[in-house]
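The lines below spell out each chain.
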Amino acid sequence: MSETSESDEVRELFVQDGVLLFSAAASFINFVKSVGTLMITEYSDGTKFIEWKPIDVTVDSDIQDQEWAVVNTVEKRIRTLSGTVPPEHKNRSKYLRISFEDIKSFRISDKSRRLTLNDGKSEPICTYLFQHGNCDHLVGCLKTLVKTVASRRDKHLFIIPDIKDPEHEKIDRSFAELNVCTDSAYAWKLWNNFQERPVVATFEAFAKITDLVYRGPEHREIDADDVKEILNRSITEYESTTTTHSQGDYEVIDVPDLPKRRDFPRGKPLNLEQWLGVQDNEGRIEDSECIKLMIFQGGIVPSLREEVWKYLLDYYPWNCTKIERQKLVSQKNDEYFSMKLQWKTMTKTQEDNFTDYKERKTQIEKDVSRTDRTIDFYAGDNNPNLQILNDILMTYVMYNFDLGYVQGMSDLLSPILHLMQSEVDAFWCFVGFMNKLSSNFDADQVGMKEQLSNLHTILAFIDPDLAAYFDSHDSGNMFFCFRWLLVWFKRELSEEDCMSFWEVLWTGFPCDNFHLLICCAILTEEKRKLMDNNFGFTEILKHINELCGQLNVEKILNDAQGIFYQIKESEQLTDVVRLLLGLPILSNNSFDNHETSPFEESIDASNGSSSSPPKCSVDNVRISPDEVTFEKSLSSNFL
Amino acid sequence: MSSARVNMRPSSKNTLLKVVILGDGRVGKSCLMNRFVSNQFDEHSFHTIGVEFLNKDLNLDDCTYTLQIWDTAGQERFRTLRTPFYRGSDICMLTYAIDDKSTFSNLQMWKNEFLYYADIKENTPFPFIVVGNKSDLSSTEREVSQVEMETWCNENGITSYIETSAKDANNVQEAFRMAVRQWIKLETRADKNEIPFNDTVDLKTKHVEGRTSCCIGSGDE
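These remarks concern the structure in this document. (Residues numbered from 1 in each chain as written. Chains lettered and ligands numbered in written order. Predicted model: local features only at pLDDT ≥ 70, side-chain atom pairs only at ≥ 80, totals over all residues. Heavy atoms only, no water.)

1. Here's the deal with the pairing of strand 3 (residues 63-72) of chain B
All names here are of chain B.
Argument step 1. Most of strand 3 is tucked away, with ten of its ten residues classed as buried.
Argument step 2. Burial along strand 3 is two-sided: Cys63, Tyr65, Leu67, Ile69 and Asp71 facing one way and Thr64, Thr66, Gln68, Trp70 and Thr72 facing the other are all buried.
Argument step 3. In the sheet, strand 1 (residues 14-23) pairs with strand 3 via eight bridges, with the strands oriented parallel. For Val19, the partnering residue across the bridge sits in strand 3 and is Ile69.
Argument step 4. Note: strand 2 (residues 51-60) against strand 3, ten bridges, orientation antiparallel. (Buried < 20%, exposed > 50% of the residue type's maximum accessible area, 1.4 Å probe, protein only. Helix = DSSP H or I, 4+ residues; strand = E, 2+ residues; numbered from the N terminus. Pairing = 2+ DSSP bridges.)

2. Quick notes on the sheet that holds strand 3 of chain B
Residue and element names in this part refer to chain B.
Argument step 1. Strand order in this open sheet of six strands is 2-3-1-4-5-6, and the pairing throughout is mixed. In this open sheet, the two edge strands, each paired with only one partner strand, are strand 2 and strand 6 (161-163). Strand-to-strand twist across the sheet, computed as the mean angle between neighbouring axes with direction ignored, equals 25°.
Argument step 2. Lying over the sheet, helix 4 (residues 107-117) contacts strand 1, strand 4 (91-97) and strand 5 (128-133), oriented at roughly 160° with respect to strand 4.
Argument step 3. Where helix 5 (residues 146-155) meets the sheet, it contacts strand 4, strand 5 and strand 6, and its direction lies at approximately 160° from that of strand 6. (Axes fitted to C-alpha atoms, helices over the stretch in contact; angles between N-to-C directions. Contact = heavy atoms within 4.5 Å.)

3. Looking at the packing of helix 14 (residues 409-420) of chain A against helix 19 (residues 495-506) of chain A
Residues and elements named next belong to chain A.
Argument step 1. In the contact formed by helix 14 and helix 19, the axes pass within 11 Å of each other and the chain directions differ by 95°. Here helix 14 lies roughly perpendicular to helix 19, going by the angle between them. Here Asp411, Leu412, Pro415, His418 and Leu419 of helix 14 come into contact with helix 19, specifically with Glu495, Met499 and Trp502.
Argument step 2. In the contact of helix 14 with helix 19, the residues fall into five nonpolar, one polar and two charged. (Parallel < 35°, antiparallel > 145°, perpendicular 65-115°, else oblique. Nonpolar A, V, L, I, M, F, W, Y, C, P; charged D, E, K, R; others polar.)

4. Some thoughts on the interface of chain B and chain A
Argument step 1. The partner chain A presents 41 residues to the 29 residues of chain B that form the contact.
Argument step 2. Counting each side, the surface lost to burial between chain B and chain A is near 3,300 Å², with a carbon and sulfur contribution of 62%.
Argument step 3. Contact with chain A buries surface across chain B, with His47, Ile49 and Arg77 of chain B losing the most and accounting together for 24% of the total.
Argument step 4. Scanning the region where chain B abuts chain A turns up one salt bridge.
Argument step 5. Seen at the junction of chain B and chain A, the total is ten residue pairs in polar contact (both at pLDDT 80 or more).
Argument step 6. Listed by contribution, the elements that provide at least two residues to the side of chain B that touches chain A are strand 2, strand 3 and helix 2 (79-82) of chain B. (Buried area = accessible area lost by both parts, 1.4 Å probe. Salt bridge = Lys/Arg side-chain N within 4 Å of Asp/Glu carboxyl O. Polar contact = N/O pair within 3.5 Å; in protein donor to acceptor, adjacent residues only side chain to side chain.)

5. Topic: the packing of aromatic side chains
Argument step 1. Evaluation of the coordinates by the stated rule reveals 45 aromatic pairs over all chains.
Argument step 2. Consider the rings of Phe114 of chain B and Phe128 of chain B, whose centres lie 5.6 Å apart with planes at 75°: the pair is edge-to-face. With Phe114 of chain B in helix 4 and Phe128 of chain B in strand 5, the pair connects residues that are 14 residues apart, well separated along the chain. The residues Phe114 of chain B and Phe128 of chain B share a single accessibility class, namely buried.
Argument step 3. Both rings, one in Phe126 of chain B and one in Phe128 of chain B, keep their centres 5.4 Å apart while their planes meet at 65°; by these two values the pair is edge-to-face.
Argument step 4. In this structure Phe128 of chain B comes out as buried when scored by relative accessible area, which is 6%.
Argument step 5. Every member of this aromatic cluster is reached through a ring pair, and the members are Tyr336, Phe337, Tyr396, Tyr399, Phe427, Trp428 and Phe430 of chain A. (Phe/Tyr/Trp six-rings, centres within 6.5 Å; stacked < 30°, edge-to-face > 60°.)

As structure tokens, then:
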């Protein structure tokens, strides 16, 4: 939401009444659930916005009343106009104004009655409910103003490619100059070709642009069906590589040998001198990527962990000064204790009338007493640290009630609290960790299923034999890796090893989903034992469970890094694997999550010089697996 | 128990039985399994993540049964990843803690979940055994009486029930033996009623007349 000066001349390109603001940022909380007018506006400097304003007279307290919204029936009114706005519309301070630049995608649901705008992180900015008619007109208008592309994963989701991207802009301009239709259909075709024949397509693409110039405009029209067809095809291709586990017919199964796996001995851990060295006089860290790389290569000396973890877990921003940090800590301290007070002051009656809360509370109590009790820090009866562990988890329930508490979370918190020894610091670091791993704890476990499916996809690429073995032994669902993934190997490693392992993974280097490569490293190491013994589903599960306490962190990190480079340097690298690892992609469906334009990436990758900054989020690649297939294959073990 | 008895049949017979232990968190599912399999008890063991299983041989009436015991995470959230493991079960052990009424109340839910996902035909008797764990606790801590347990079992047509203590190793072996006996009983009856040939144990168990639910108190046979 941006601030625009009031004096600007505004053109309303589209107006629709009777739109309820369903959800929005905190600053607009007073307007949530109230009805208003939705507009597309253009200011004199050319910037465009989606604006919503509450219905004129009503701004204050009674607006919250749901009844009111229903009673106040507004005449259906949709108009598209291009005149300047009458004077009374000039005071736009109460408007919820969202710049086109901030909208990276939008989703239509509830039979076009609900529209959600998302930001670059696919987080909703706000949601509108269309009480009269639907959002079709608005979306139609929107589509004439910005490029939109239907997501292949969700037919109700439309992605707005980043128009700010310099490469994209350049290409846009050249297309415009060529007078080729601005509809992205043609571009889609190019990208599709890049996917199929990267090198050839790159050169052909430019040749074809020339073709277009010489062709008459009547030949340039590419209709919407074309786009649909291309998208459909890419979806089908995509599905065939990810969901046919049980048949074992992978595109990648005939991949010739990968490059030889290289050795990546661990480096020296980040020490105090280096840590202070990267900070400026005021305590800012400019080059966080460099620090992360060092941690990725060698970890952190234990004495420095407490400090550095706060950065890795997004509690401290890298570029904040010492003074800003002090301010932040004091603010976070207050915030924590006010949340803690919320549940601390709950009466028994309140609890009894709040089943969801009570369930979470009981589960936490049960699990805290069974978390890391063998470690001195948590050992013994009435250990006060258990109470703190409990309190942090309870406060997290108040912080994120939807997620609440799920088994496994106490495992993730335990080492953090042990290290921080401070309730507040541990809480905020835990929040950062949960932000990275929250999909592991989805209500329906979709996040876990996706990861297991993604793991299979990657394994099938680097070791088709082993993946095929799992498939033919009722284990293609990779369920035996569930515990590894849920708590990031916490149960398999000693506390010390776990700490050095997690901090490496938190860096986000060298690629997305590196933890899946860790799994691959271990599985390929165990391959001979599993296959030579002809283990079936139960034996595989048992064998993997029994690796608990047997893993060597340095070795698995080394191996996983080796695998990463094998994959990266492989000439047969598929888009699916690229997507999973956040590598530059050749296919045409990569708008979300990518800073670079698909064009740039395609060209870059086809030149064989692909290098993009690693991305830190482990969750930003979320491929929806065919759930039915997953369930089936899991069930089929026992048929 | 009866290993000294004269061997009436070939002793090489080994039957694999899949046993699923179900119940709320912290009732002692993993502890029961560990006590039974390795005779160990760890007061501060972890809660289970995912699924674990252990094998243990059990000799009963000169036959060897390999019990493949499956132990799952109890939280609702993990239901979709837990239930596929119910299929193909031979025995289901429904577990609660005698000091926690809510875990007892949830037995119905666990039983229903099991029957649904294990794909057991309706009205087919299935070898359930109800286990009230933590019998070592003092009577002041007890929230579920034995009578309540028996009543519930009778209402649900379950004839095998027992209180155990994984901590004190009390009745744990017995619970698993009882479960296997129950399996044998139902299996034998099924054989008599349906198929003339089988590969299961031919015990000298008398055919029990009537519905299972009518048999009261056979839990201590």
